[in-house]
Amino acid sequence: MSGMCRDAAWLASACEGQLVGLEGTELVSAPVVIDSRKVSDHGCFVAIVGENVDGHDYAPAAYNSTEGLVIISSKDLDVPHIRVQDTVDALGKIAYSYLREIRQYREANGLPFDVAGVTGSVGKTTTKDLTRQIFASQGPTVAPQASFNNEIGLPLTILEADNDTRYLLLEMGASGPGHIAYLTDIAPLDVAAVLMVGHAHMGGFGSVEAVARAKSEIIQGLRSSGVAILNADDPRTMAMAELAPGPVFSFSPSGAPANVRADDVVIGPDGRASFTARTAGASAPVQLQLVGAHHVANALAALTIALVVGIDLQAAAQVLSQAQALSPHRMDVRNLSGQLLLIDDSYNANIDSVTAALVALKQLAEGRRKVFVAGQMLELGDTSEQVHMRTAELAQQAGVSDILAIGEAARPLARRARELGIATTYVDDADQALAMIDQIVADFDAVLVKGSHSSGAWRIADYLKEVRA
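From a predicted model like this one, the values you see are computed outputs, not experimental measurements.

Participant: Is there a simple way to think about the layout of surface pockets in this case?
Facilitator: The method is simple in principle: a probe with the dimensions of a water molecule rolls over the atoms, and the space it marks as empty is what remains. Considering only enclosed or pocket space, the second largest pocket measures out at about 440 Å³ in volume. Along the walls of the second largest pocket sit 18 residues, with Val32, Val33, Phe148, Leu156 and Glu160 positioned nearest its centre. Looking at the lining of the second largest pocket, the elements with two or more residues in it are strand 4 (32-33) and helix 5 (153-158). Counted by class, the lining of the second largest pocket contains 11 nonpolar, four polar and three charged residues. Residues from two domains meet in the lining of the second largest pocket; each of domain 1 (6-86) and domain 2 (112-322) gives at least three.

Participant: In this structure, what is going on with unusual backbone geometry? I would like to understand it.
Facilitator: Backbone geometry at His42 places phi at a positive 60°, although glycine is not the residue there. Checked against the element boundaries, His42 lands in the loop between strand 4 and strand 5 (44-46). His42 sits in the partly exposed class, given a relative accessible area of 27%. A positive phi angle, close to 45°, is found at Met331, a residue other than glycine. Mapping Met331 onto the fold places it in the loop between helix 12 (313-320) and strand 17 (332-336).

Participant: Explanation requested: the environment of Lys450 in the structure shown.
Facilitator: You can see Lys450 is positioned in strand 22 (residues 446-450). On the accessibility criterion, Lys450 (1% relative accessible area) is buried. The spacing of Lys450 and Val88 is 362 residues in sequence and 31 Å in space, taken between C-alpha atoms. A polar side-chain atom of Lys450 sits 2.9 Å from the main-chain carbonyl oxygen of Asn348.

Participant: Please clarify how the pairing of strand 21 (residues 423-427) should be interpreted in this entry.
Facilitator: On any regular strand, side chains alternate: one points to one face of the sheet, the next to the other face. Taken together, the five bridges between strand 20 (residues 402-406) and strand 21 define a ladder with parallel strand orientation. From the neighbouring strand, Ile406 faces strand 21, where its bridge partner is Val427. Taken together, strand 20, helix 15 (residues 411-419) and strand 21 constitute a β-α-β crossover, and its handedness is right-handed.

Participant: What is the right way to read the packing of aromatic side chains from this model?
Facilitator: What characterises a pair of aromatic rings is the spacing of the ring centres plus the angle enclosed by the ring planes. Using the criterion set out here, one finds one aromatic pair in the structure. Between Phe135 and Tyr167, the aromatic rings sit 4.3 Å apart at their centres with planes inclined by 15°, giving stacked as the arrangement. Of the two residues, Phe135 sits in helix 4 (residues 124-136) while Tyr167 sits in strand 10 (residues 167-171), which places them 32 residues apart along the sequence. When sorted by exposure, Phe135 lands in the same class as Tyr167, which is buried. The ring of Trp10 carries Arg6 above its face, with NZ or CZ at 5.3 Å from the centroid.

Participant: Quick question: what am I supposed to make of helix 11 (residues 295-308) here?
Facilitator: Note that an α-helix has 3.6 residues per turn; residues three or four places apart therefore point the same way. Spanning 14 residues, helix 11 covers 20 Å between terminal C-alpha atoms, matching the ideal 20 Å at 1.5 Å per step. Summarising burial for helix 11: 12 of the 14 residues are buried, a large majority. Of the residues making up helix 11, those classed as buried are His295, Val296, Ala297, Asn298, Ala299, Leu300, Ala301, Ala302, Leu303, Thr304, Ile305 and Ala306. Of the residues one or two after helix 11, Gly310 is the one with positive phi, at around 95°.

Participant: Explain the packing of helix 11 against helix 12 to me, please; I cannot follow it from the model alone.
Facilitator: Working note: a packed helix pair is described by the angle between its axes plus the distance between those axes. The N-to-C vectors of helix 11 and helix 12 enclose an angle of 145°; their axes lie 10 Å apart at closest approach. When you trace helix 11 past helix 12, the crossing you get is right-handed. Of the residues in helix 12, those in contact with Ala299, Ala302, Leu303, Ala306 and Leu307 of helix 11 are Leu313, Ala316, Ala317 and Leu320. Class assignment for the residues of the contact of helix 11 with helix 12 results in nine nonpolar, no polar and no charged.

Participant: Quick question: what am I supposed to make of the sheet that holds strand 2 (residues 18-20) here?
Facilitator: Note: strands within a sheet are paired through backbone hydrogen bonds, in either parallel or antiparallel orientation. On the basis of which strands lie adjacent, the open sheet formed by five strands has the order 2-7-6-5-4 and mixed pairing. At either margin of the open sheet sits one strand with a lone partner, and together these are strand 2 and strand 4. By the bridge criterion, three bridges tie strand 2 to strand 7 (residues 81-83) in an arrangement that is antiparallel. What sits directly across from Val20, in strand 7, is His81. On the sheet, helix 3 (residues 87-108) packs against strand 4, strand 5 and strand 6 (70-73) and is oriented at approximately 125° with respect to strand 6.

Participant: Even after reading the chapter, I still don't get helix 8 (residues 208-215), so can you show me in this structure?
Facilitator: Here helix 8 lies mainly inside the structure; six of its eight residues are buried. Among the residues making up helix 8, those that are buried are Val208, Ala210, Val211, Ala212, Ala214 and Lys215.

Participant: Is there a simple way to think about the domain arrangement of the protein chain in this case?
Facilitator: Many descriptions give the size of an interface as the accessible area lost when the pieces come together. Here the protein chain is described as being made up of domain 1 (6-86), domain 2 (112-322) and domain 3 (332-468). A C-alpha centroid distance of 34 Å is found between domain 1 and domain 2.

Participant: So what exactly am I meant to see when it comes to the environment of Asp76 here?
Facilitator: Considering the arrangement of structural elements, one finds Asp76 in the loop between strand 6 and strand 7. Separated by 56 residues in sequence, Asp76 and Val20 have C-alpha atoms that sit 8.9 Å apart. If we skip the residues at most four places from it in the chain, Asp76 touches His81 and Arg83. For Asp76, the side chain forms a polar contact with the side chain of Arg83, separated by 3.1 Å.

What counts and how
- Residues numbered from 1 in each chain as written.
- Predicted model: local features only at pLDDT ≥ 70, side-chain atom pairs only at ≥ 80, totals over all residues.
- Heavy atoms only, no water.
- 1 Å grid on protein atoms, 1.4 Å probe; cavity = no way out; pocket = protein on both sides within 12 Å on 5 of 7 lines; lining within 4 Å.
- Points joined across faces, edges and corners; volume = space filled by probe spheres on them.
- Helix = DSSP H or I, 4+ residues; strand = E, 2+ residues; numbered from the N terminus.
- Nonpolar A, V, L, I, M, F, W, Y, C, P; charged D, E, K, R; others polar.
- Domains from an automatic or database assignment.
- Buried < 20%, exposed > 50% of the residue type's maximum accessible area, 1.4 Å probe, protein only.
- Polar contact = N/O pair within 3.5 Å; in protein donor to acceptor, adjacent residues only side chain to side chain.
- Pairing = 2+ DSSP bridges.
- Right-handed = clockwise from strand over helix to strand, strands pointing away.
- Phe/Tyr/Trp six-rings, centres within 6.5 Å; stacked < 30°, edge-to-face > 60°.
- Lys NZ or Arg CZ within 6 Å of the ring centre and 35° of its normal.
- Expected span 1.5 Å × (residues − 1).
- Axes fitted to C-alpha atoms, helices over the stretch in contact; angles between N-to-C directions.
- Left-handed = near helix turned anticlockwise from the far one by under 90°.
- Contact = heavy atoms within 4.5 Å.

Dropping the structure here:
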């Protein structure tokens with residue numbers, strides 16, 4: 001698959017932009033990027049104003065270093081470009097028009113094409129990675145790298161597809177109301193899966209009920225013939241069934257009545273789950289390669305998505321049993337030098353994912369001293385202090401003996417941990433944590449690293465992997 005190939009006139013029309021010093025016949029046949037360091041000849045650079053960097057500052061140099069580069073800009077530039085009001089909005093409009101044309105092509109030629117979306121407070125990226133591997137075993141598949149799940153990442157993923165794409169798999173995140181609706185406006189879905197409603201991004205929503213309403217936007221973003229996939233074990237998720245325009249399929253990691261359920265779940269000493277995936281008319285064994293009991297739910301969601309688009313249960317289960325974690329810092333369990341056991345789950349954090357990670361630590365670290373590198377959790381709003389204090393209590397239940405707490409929001413965690421008798425070190429940032437970690441961790445310890453991405457906890461995990469390779 002080669003991705004989008006369109007001329008500048010098409011791009012300008014799609015994003016309602018104006019050609020400035022640019023020939024409409026200029027062809028974009030290389031990737032669309034937002035990082036000027038990744039531009040290539042005959043590609044497209046979308047200049048976006050970020051929190052710390054303005055892409056427009058790098059646009060002229062990018063143009064002069066390449067041949068046939070098309071720039072989309074919301075500012076006047078001294079080099080040829082397409083002028084728009086808002087470059088993020090323009091990127092979404094281009095992706096919308098492009099996806100619509102792929103649909104039209106495949107429908108006109110009798111070729112199957114499924115666009116599937118995944119959301120949920122936890123597990124989105126892992127479920128996407130598992131589903132991606134099942135899809136790829138059956139046909140050309142496009143899916144996002146890591147957690148490319150916002151108003152920039154989703155359009156860029158769509159633009160990697162082409163007329164040969166059989167499956168387009170999208171991850172949809174939200175930090176406030178209307179975010180997922182915006183994404184489904186760009187990419188109306190044939191299949192939409194909601195994993196669970198939890199406590200992620202509480203600062204942007206205010207309540208779990210508001211989180212549920214935001215996640216339900218993915219169900220409302222289904223096409224008229226689209227299929228909703230819901231977690232039967234989560235009442236807030238199942239309540240979304242009434243919003244579905246078409247069929248509803250359910251999955252249950254607990255083995256409760258559902259279209260797809262997990263029976264005979266066994267967690268091995270290595271923390272990996274095995275189970276029987278069962279439908280009304282068939283069953284198949286699954287032996288996960290991922291660590292953590294919570295991945296049963298992610299695997300069942302992936303399996304249900306696969307079944308809905310017509311993939312055989314046995315074939316999907318076989319791929320699941322071989323599937324790996326494709327995205328970094330997600331329950332990456334490694335035995336390092338000095339028999340140090342590292343559990344790197346530092347991609348992000350909320351109370352739901354922290355709970356699952358501490359359960360895994362308790363199971364995997366039997367007989368070892370347990371160390372918890374706890375980066376602060378952000379976007380929790382008024383619940384932040386309560387959630388961090390609760391995390392300390394969960395750490396005690398998991399048998400944690402030492403905590404390294406990182407960031408201002410983690411102060412209540414550190415305070416509560418000390419009250420509970422856990423040896424606790426508090427630092428302001430990841431730089432200070434890196435300076436302390438070798439004094440805290442010893443050979444044969446088990447170390448769980450968890451925290452919001454911006455806490456920098458992932459840097460401690462990367463450091464341990466490097467020095468104890």
